[in-house]
Amino acid sequence: MRRTQEQRLEWWPGAVCAIVAGVLLVSGCSRPAGPVVDGSRGERRAPPADSPRVALVMKSLANEFFATMAEGAKGHQASSGDRYELIVNGMRNETDVSEQVTIIEQMVARKVAAIVIAPADSQAVVPALKRAADAGVLVVNIDNRLDPEICKATGLVAPFVGPDNRAGARKAGEAVARLLSAGDEVAIIEGIPSADNARQRALGLEDAAAAAGLVIVGRQSGQWEMEKANGITAALLSEHPSLKAILCANDSMALGAAAAVAAAGKGGKVLVSGFDNVPAVQPLLTDGRIAATVDQHGDRLAVEGIEAALGILAGAAAPLDRTTPVDLVTRDGAVDSR
Ligand code: ALL
């Protein structure tokens with residue numbers, strides 16, 4: 001059994017696949033011959049032979065952001081009648097790029113018409129995606145932009161549907177800065193540096209700090225992960241006793257940072273911000289343990305990518321890159337959107 005988490009919105013008697021963390025682990029299941037049921041709604045129907053297969057390829061399903069994205073895609077497919085067949089894939093952790101490459105290869109082998117991908121790494125997956133494109137698979141890039149130079153060099157053409165990460169992170173940084181004073185010390189916990197959105201968010205946080213005259217005294221990668229950010233924050237708090245805020249590039253890391261702040265007895269004295277607006281941060285936003293986050297609407301992001309793919313498959317001209325919304329969320333609710 002391969003180590004790939006995948007949910008396929010099909011079910012047939014006698015071919016039961018195990019449920020893992022709310023998703024089905026069904027690697028190796030082949031296309032059913034009999035009647036199928038939409039797993040999310042329970043409506044029985046047979047798929048038309050010509051409905052295209054679309055593979056959503058995400059990153060870590062341990063991250064609620066991607067669980068939300070998967071739900072959005074499932075809901076869209078369920079309400080789209082027989083327009084397309086959906087295969088949802090995710091990884092086990094944030095850093096195993098080779099697992100995402102394996103998923104891409106599996107999807108090509110299963111003859112999907114399109115791959116809608118949130119790349120774990122902006123460079124490393126490009127060759128696998130080019131091989132997919134060469135095999136006739138349409139590639140649509142969502143969430144984290146593929147490196148344009150490497151795409152150009154390899155000849156991969158993939159429209160990007162996703163947010164302006166720099167602008168989004170700047171909003172969170174500015175919300176924190178409004179609660180601080182010029183000269184205050186802050187630190188940045190970044191995502192995986194080989195991901196374009198990690199780099200863009202770090203730039204956005206720096207923009208906000210510079211504009212408010214905040215002093216960045218620490219900057220490290222938490223690899224998008226809660227535990228790493230927790231350890232980094234604990235060390236930062238002891239190295240920099242006057243630290244006033246930890247600006248994180250996603251909510252997983254903000255949750256880890258907030259826990260470290262509380263453990264150090266600095267709740268209320270050191271502010272924390274994140275990015276994603278996942279369900280787990282809601283109570284922390286309410287009680288102030290997290291001062292701000294950014295909603296990039298993961299559920300809609302997947303749907304926009306799938307719609308772009310379906311449009312191209314139906315013969316529409318390849319759409320241009322499309323920027324999706326990012327909304328600031330604070331204790332007082334969304335205070336800035338576009
Ligand atoms: C990014 C997303 C999220 C997420 C991160 C972790 O691509 O945009 O903010 O938390 O992946 O993999």
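Residues numbered from 1 in each chain as written. Predicted model: local features only at pLDDT ≥ 70, side-chain atom pairs only at ≥ 80, totals over all residues.

Draft legend 1. Looking closely at the nonpolar core. Core analysis: the biggest nonpolar cluster contains 102 residues, and Ile115, Val116 and Ala257 have the highest contact counts within it. Of the residues that make up this core, three or more belong to each of domain 1 (3-163 + 299-324) and domain 2 (165-296 + 330-336). If we skip the residues at most four places from it in the chain, Ala257 touches Ile189, Ala229, Asn230, Thr233, Ile246, Cys248 and Val272. (Core = buried A, V, L, I, M, F, W, Y, C linked by C-beta atoms within 7 Å. Buried ≥ 20, exposed ≤ 12 C-beta atoms within 10 Å, placed from the backbone. Domains from an automatic or database assignment. Contact = placed C-beta atoms within 7 Å.)

Draft legend 2. Highlighting the site of the ligand. In the vicinity of the ligand lie 14 residues, with Lys59, Phe65, Asn144, Trp224 and Asn250 positioned nearest. The residue makeup of the shell around the ligand includes at least three contributed by each of domain 1 (3-163 + 299-324) and domain 2 (165-296 + 330-336). (Near = placed C-beta within 6 Å.)

Draft legend 3. Geometry of unusual backbone geometry. Not every positive phi belongs to a glycine, and Asp276 is a case in point at roughly 135°. Relative to the helices and strands, Asp276 resides in the loop between strand 14 (271-273) and helix 9 (282-287). Despite not being glycine, His297 shows a phi value in the positive range, around 55°. Residue position: His297 is located in the loop between strand 15 (292-295) and helix 10 (298-313). (Helix = DSSP H or I, 4+ residues; strand = E, 2+ residues; numbered from the N terminus.)

Draft legend 4. Region of the structure containing the pairing of strand 8 (residues 114-117). Burial along strand 8 is two-sided: Ala114 and Val116 facing one way and Ile115 and Ile117 facing the other are all buried. Note: strand 6 (residues 53-60) against strand 8, 4 bridges, orientation parallel. Paired with Val57 across the bridge in strand 8 is Ile117. Sheet topology note: the strand 8/strand 9 (residues 138-142) ladder contains 4 bridges and is parallel. (Pairing = 2+ DSSP bridges.)

Draft legend 5. Spotlight on the packing of helix 5 (residues 165-177) against helix 6 (residues 196-212). Running from N to C, helix 5 and helix 6 cross one another at 35°; their axes reach a closest spacing of 7 Å. Read as a crossing pair, helix 5 and helix 6 show a hand that is right-handed. On helix 6, the residues that touch Asn165, Arg166, Ala167, Gly168, Ala169, Arg170, Gly173, Glu174 and Ala177 of helix 5 are Asn197, Gln200, Arg201, Leu203, Gly204, Leu205, Asp207, Ala208, Ala209 and Ala212. Split into classes, the residues belonging to the contact of helix 5 with helix 6 amount to 8 nonpolar, 6 polar and 5 charged. (Axes fitted to C-alpha atoms, helices over the stretch in contact; angles between N-to-C directions. Left-handed = near helix turned anticlockwise from the far one by under 90°. Nonpolar A, V, L, I, M, F, W, Y, C, P; charged D, E, K, R; others polar.)

Draft legend 6. Molecular detail of helix 1 (residues 64-78). Spanning 15 residues, helix 1 covers 21 Å between terminal C-alpha atoms, matching the ideal 21 Å at 1.5 Å per step. For helix 1, the tally of buried residues reaches 11 of 15 residues, placing the bulk of the element in the interior. When helix 1 is considered as a whole, its buried residues turn out to be Phe65, Phe66, Ala67, Thr68, Met69, Ala70, Gly72, Ala73, Lys74, His76 and Gln77. (Expected span 1.5 Å × (residues − 1).)

Draft legend 7. A look at the environment of Thr233. Along the chain, the position of Thr233 falls in helix 7 (residues 226-239). Separated by 13 residues in sequence, Thr233 and Gln220 place their C-alpha atoms 9.7 Å apart. Look past the residues within four positions of Thr233 in its chain and what remains in contact with it is Ile246, Gly256, Ala257, Ala260 and Val261.

Draft legend 8. Molecular detail of the packing of helix 2 (residues 97-109) against helix 3 (residues 126-134). Following both chains from N to C, one finds helix 2 and helix 3 inclined at 5°, their axes separated by 9 Å at the closest point. Between helix 2 and helix 3, the angle is such that the two are roughly parallel. Of the residues in helix 3, those in contact with Val101, Ile104, Glu105 and Val108 of helix 2 are Ala128, Leu129 and Ala132. A breakdown of the residues in the contact of helix 2 with helix 3 according to their chemical character gives 6 nonpolar, no polar and 1 charged. (Parallel < 35°, antiparallel > 145°, perpendicular 65-115°, else oblique.)

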